[in-house]
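# A closer look at the structure
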Amino acid sequence: MIFSAVLGRKYCLLWPGQWQPVGRFVTAGNSPSTDPFVEKYARAFSGKVEEVKQACICLGGKQRERLAGADVTFEMPVLPDFSVLLQFWDGDEEFLPKILLLWDKVSLSYLHFETTYYLQGDLLKAILQTIGWIHFSRSFGGDIHETNITGCSSSYQTAPFL
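The model shown is predicted, which means the values in this text are computed figures rather than measured ones.

### Description of the nonpolar core
- Judged by nonpolar contacts, the single largest core of 28 residues is most densely connected at Phe-45, Ile-99 and Ile-127.
- If you list the elements that add at least two residues to this core, you get α3 (35–45), α4 (49–58), β3 (72–79), β4 (82–89), β5 (98–104) and α5 (113–139).
- With sequence-adjacent residues up to four places away left out, Ile-99 is seen in contact with Val-38, Tyr-41, Ala-42, Phe-45, Leu-86, Gln-87, Phe-88 and Leu-124.

### Describing the pattern of salt bridges
- Following the criterion strictly, the structure yields two salt bridges and no others.
- In this structure, the salt-bridge partner of Lys-53 is Glu-50, at a minimum N-O distance of 3.6 Å. Here Glu-50 and Lys-53 lie together in helix α4, a separation of three residues that amounts to about one turn.
- On the accessibility criterion, Glu-50 (51% relative accessible area) is exposed.

Rules used in this analysis
- Residues numbered from 1 in each chain as written.
- Predicted model: local features only at pLDDT ≥ 70, side-chain atom pairs only at ≥ 80, totals over all residues.
- Heavy atoms only, no water.
- Core = buried A, V, L, I, M, F, W, Y, C linked by side-chain atoms within 4.5 Å.
- Buried < 20%, exposed > 50% of the residue type's maximum accessible area, 1.4 Å probe, protein only.
- Helix = DSSP H or I, 4+ residues; strand = E, 2+ residues; numbered from the N terminus.
- Contact = heavy atoms within 4.5 Å.
- Salt bridge = Lys/Arg side-chain N within 4 Å of Asp/Glu carboxyl O.

What follows is the structure in structure tokens.
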């Protein structure tokens, strides 16, 4: 992979682990908001908290401590040795569902700003596809907890977008 040479382990050790939204990367002028882009995925994930968690596990995510009351908080791989923090708040009668993807504050030392948008799109699409697989499995009487050890299809046990 092209990014593997740039994002090797020796470089990742420099990451401070301080998360921030991709919209805060640009310091000059106005940075575009990711809200319209992620809203369609937030609506698709609404009412599916457990499926989102299972999909994140299937894609190699590591569940993290809940932050800011999020229903889902996972560190998700988007490239080898490079992760983002995914937070999802399910909607209810008062609030719309919300997704927030946080990137390490030094991410732009390794990625172009535009690349972060493509990576987040690939990640959210992979989660949605995995949720579809979980629903497909259930429609044939499958229990996601019995299908394989993690409830994942073998084709989804690693991030399919890498």
